[in-house]
Amino acid sequence: MTGSRPLRPRLRDLRPEAFGADPSGARMERIRRSPNFADGVFQNPVGARTRPSGSMREFAKIYFHKEQRQRRGPAAGVPVHPTTLADLAKPPVTGLRLTWMGHSSVLAEIDGRRVLFDPVWGERCSPFPFAGPKRLHPVPVPLAALGPVDAVVISHDHYDHLDLPTIKALAGTDTVFAVPLGVGAHLERWGVSADRLRELDWNESTKINGLALTATPARHFCGRGLRNQQHTLWASWVVEGDEHRIFHSGDTGYFPGFQDIGAAHGPFDATMIQIGAYSEYWPDIHMTPQEGVQAHLDLQGAKPHGVLLPIHWGTFSLALHAWAEPGEWTLDAAGEAGQPVAVPHPGEPFEPAGTLPVAPWWRPVSHPITHPWRHPKPVDRPADDSRAGDLDLAGER
């Protein structure tokens, strides 16, 4: 019909806003030129299965089991630190302060600048306000109360890392967004102007207010809509100031590339490492806490250094493991490695060079959990006493 638009653009207009936008035009041409793009999709640094493996019947059986579902959430209200403006108004004494806001959202104050990683202030990590994983604790501080930030860094475009209402709120500020290649299409649709976007391929860097930000490889995948075209990249991030260096893993499976990132950019004063939402059904795209600790050590040149801040846990139930298991396992693995780890309440600021929050705050509000990850520690025992030193690997706390 004369004057009517082609069907494809009209269907695109009906697409839910939360789905974002597909890269096109000059952005898509740049994606096609990327050394990390082949056969029509972005590629992982090493092979990875991005779809769940194993028996879906067994997965569903565990997922819908009433007792198992209860274990995947807290038994009582999650204690959130009452972050105040006074907490954030005073500059960090050591020049570096981190505030974990829950899940993968971290406010990093580094050498006089402020960087906000993967901010998710929405109630659900979902395209719909009425369905999908709901947060298990309130946000520690209203987004507007954070004050100005120099840069917002996005690791990838999954809903628990790229949140529509949060981005729309930040679009009305002067902050600059550093995002992986292709993700800028979503942000432009949501009102972020192109001149405030720094869209990077792996191993590309940009300068924002004196900070150097580098997108580094990760082992994961992307997608927000019904059709996952793998046309938006996923990344981990390095941020370097005049005096400090930090690393944010985003979502990733374990891979040897952490050693390369550490050799090129480390060692780091602090790393923010994904240690939750792991499963034997998707072992290539999320790390267990044991792997997360190993990734930190790889980044630090194979020896304990700096501080590990566990992220991607506690706020949303996204896997089959018990809610508190990532925290417990991380403490175990880090303790065995001799690696300092910080486990702040959501919203609790701390300085990696200062006193670390180390108390397991989740225990009073957690359902009892088993410890299948524990390994018996060697003990000196008499040769004729085979029972001495035995450990109960299924012990509950």
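Because the structure is predicted, anything quoted here is derived from the model rather than measured.

S.K.: Outline the environment of glycine 77, listing residues and values.
M.R.: As for its placement among the helices and strands, glycine 77 is situated in the loop between helix H4 (66-71) and helix H5 (85-89). C-alpha separation for the pair glycine 77 and proline 364, spaced 287 residues apart in sequence, amounts to 9.7 Å.

S.K.: So what's going on with the sheet that holds strand E8 (residues 197-200)? Which residues, and what values?
M.R.: Reading across from one edge, E8-E7-E6-E5-E4-E3-E15 is the order of the 7 strands in this open sheet, with mixed pairing throughout. Whereas interior strands pair on both sides, the edge strands pair on one side only; in this sheet they are E8 and strand E15 (349-350). Where strand E3 (residues 96-102) meets E15, 2 bridges bridge the pair, whose relative direction is antiparallel. From the neighbouring strand, threonine 99 faces E15, where its bridge partner is proline 349.

S.K.: Break down the nonpolar core for me, citing the residues and quoting the values.
M.R.: Core analysis: the largest hydrophobic core is formed by 68 residues, its most contacted members being Phe117, Leu213, Trp237 and Ile246. If you look at the next biggest cluster of nonpolar residues, it comprises 29 residues, including Ala18, Leu107, Ile154 and Phe316.

S.K.: So what about the packing of helix H9 (residues 289-299) against helix H10 (residues 325-337)? Which residues, and what values?
M.R.: Each pair of packed helices can be described by the angle between their axes along with the distance between the axes. It is at 8 Å that the axes of H9 and H10 come closest, and there the two elements cross at 45 degrees. Here H9 is positioned oblique relative to H10, judged by the angle of their axes. Relative to H10, the crossing made by H9 is right-handed. Across from Pro289, Gln290, Val293 and Leu297 in H9, the residues of H10 making contact are Pro326, Trp329, Thr330, Ala333, Ala334 and Ala337. When the residues that make up the contact of H9 with H10 are grouped by side-chain class, the tally is 8 nonpolar, 2 polar and no charged.

S.K.: Give me the lowdown on the pattern of salt bridges, citing residues and values where you can.
M.R.: Using the criterion set out here, one finds 11 salt bridges in the structure. Between arginine 49 and aspartate 284 there is a salt bridge whose closest N-O contact spans 3.1 Å. One end of the pair, arginine 49, is in the loop between strand E2 (41-42) and helix H3 (56-63); the other, aspartate 284, is in the loop between strand E13 (270-274) and H9, with 235 residues separating them in the sequence. Among the charged side chains, a network of salt bridges with common partners joins Arg27, Glu188 and Glu199.

S.K.: Tell me what's going on with the sheet that holds E13, and back it up with residues and numbers.
M.R.: Judged by pairing direction, the sheet is mixed, and its 6 strands sit side by side in the order E9-E10-E11-E12-E13-E14 without closing on themselves. In the strand order of this sheet, the two ends are held by strand E9 (205-208) and strand E14 (307-311), each with one partner. The mean inter-strand angle of the sheet, taken between neighbouring strand axes irrespective of direction, is 20 degrees. Pairing of strand E10 (residues 211-216) with strand E11 (residues 236-240), which is carried by 5 bridges, proceeds in the antiparallel orientation. In the strand pairing of E11, threonine 216 is matched with serine 236. Together, E10, E11 and strand E12 (245-248) form the strand contacts of helix H8 (residues 257-265), whose direction differs from that of E11 by roughly 15 degrees.

S.K.: Before we move on, can you summarise H8 with the specific residues and values?
M.R.: Those residues of H8 that sit buried are Gly257, Phe258, Ile261, Gly262 and His265. Seen from one end, H8 has its buried residues packed into an arc of 145 degrees, which puts them on one side. When the buried face of H8 is taken as reference, the exposed residues oriented beyond 90 degrees from it are Asp260, Ala263 and Ala264. Buried residues belonging to H8 abut E10, E11, E12 and H9.

S.K.: Run through the packing of aromatic side chains, naming residues and quoting values.
M.R.: Taken as a whole and judged by the stated rule, the model has 15 aromatic pairs. Each ring, one from phenylalanine 247 and one from phenylalanine 258, has its centre 6.5 Å from the other, and the planes form 80 degrees; the classification is edge-to-face. One end of the pair, phenylalanine 247, is in strand E12; the other, phenylalanine 258, is in helix H8, with 11 residues separating them in the sequence. Its relative accessible area of 0% is what places phenylalanine 258 among the buried residues. Measuring from ring centre to ring centre gives 5.9 Å for tyrosine 254 and phenylalanine 258, while their planes differ by 35 degrees; the resulting arrangement is tilted.

S.K.: Give a description of the pairing of strand E5 (residues 113-117) that names residues and reports values.
M.R.: Counted residue by residue, E5 has 4 buried out of 5 residues, so it is predominantly covered. Where strand E4 (residues 105-110) folds back onto E5 in an antiparallel hairpin, the turn is made up of 2 residues, including aspartate 111, whose phi is positive at roughly 50 degrees. Looking at chain direction, E5 and strand E6 (residues 151-153) are connected through 3 bridges and run parallel. Its bridge partner lying in E6, phenylalanine 117 is registered against valine 153.

S.K.: Please provide a residue-by-residue account of unusual backbone geometry, values included.
M.R.: Note that the residue after glycine 266, namely proline 267, is joined by a cis bond; omega there is -5 degrees. Mapped onto the fold, proline 267 is located in the loop between H8 and E13. Notably, alanine 277 is not glycine yet its phi reads approximately 65 degrees, a positive angle. Here alanine 277 lies in the loop between E13 and H9. Overall, the relative accessible area of 8% leaves alanine 277 in the buried class.

Reading guide: rules and limits
Residues numbered from 1 in each chain as written. Predicted model: local features only at pLDDT ≥ 70, side-chain atom pairs only at ≥ 80, totals over all residues. Heavy atoms only, no water. Helix = DSSP H or I, 4+ residues; strand = E, 2+ residues; numbered from the N terminus. Pairing = 2+ DSSP bridges. Core = buried A, V, L, I, M, F, W, Y, C linked by side-chain atoms within 4.5 Å. Buried < 20%, exposed > 50% of the residue type's maximum accessible area, 1.4 Å probe, protein only. Axes fitted to C-alpha atoms, helices over the stretch in contact; angles between N-to-C directions. Parallel < 35°, antiparallel > 145°, perpendicular 65-115°, else oblique. Left-handed = near helix turned anticlockwise from the far one by under 90°. Contact = heavy atoms within 4.5 Å. Nonpolar A, V, L, I, M, F, W, Y, C, P; charged D, E, K, R; others polar. Salt bridge = Lys/Arg side-chain N within 4 Å of Asp/Glu carboxyl O. Arc of directions from axis to C-beta. Phe/Tyr/Trp six-rings, centres within 6.5 Å; stacked < 30°, edge-to-face > 60°.

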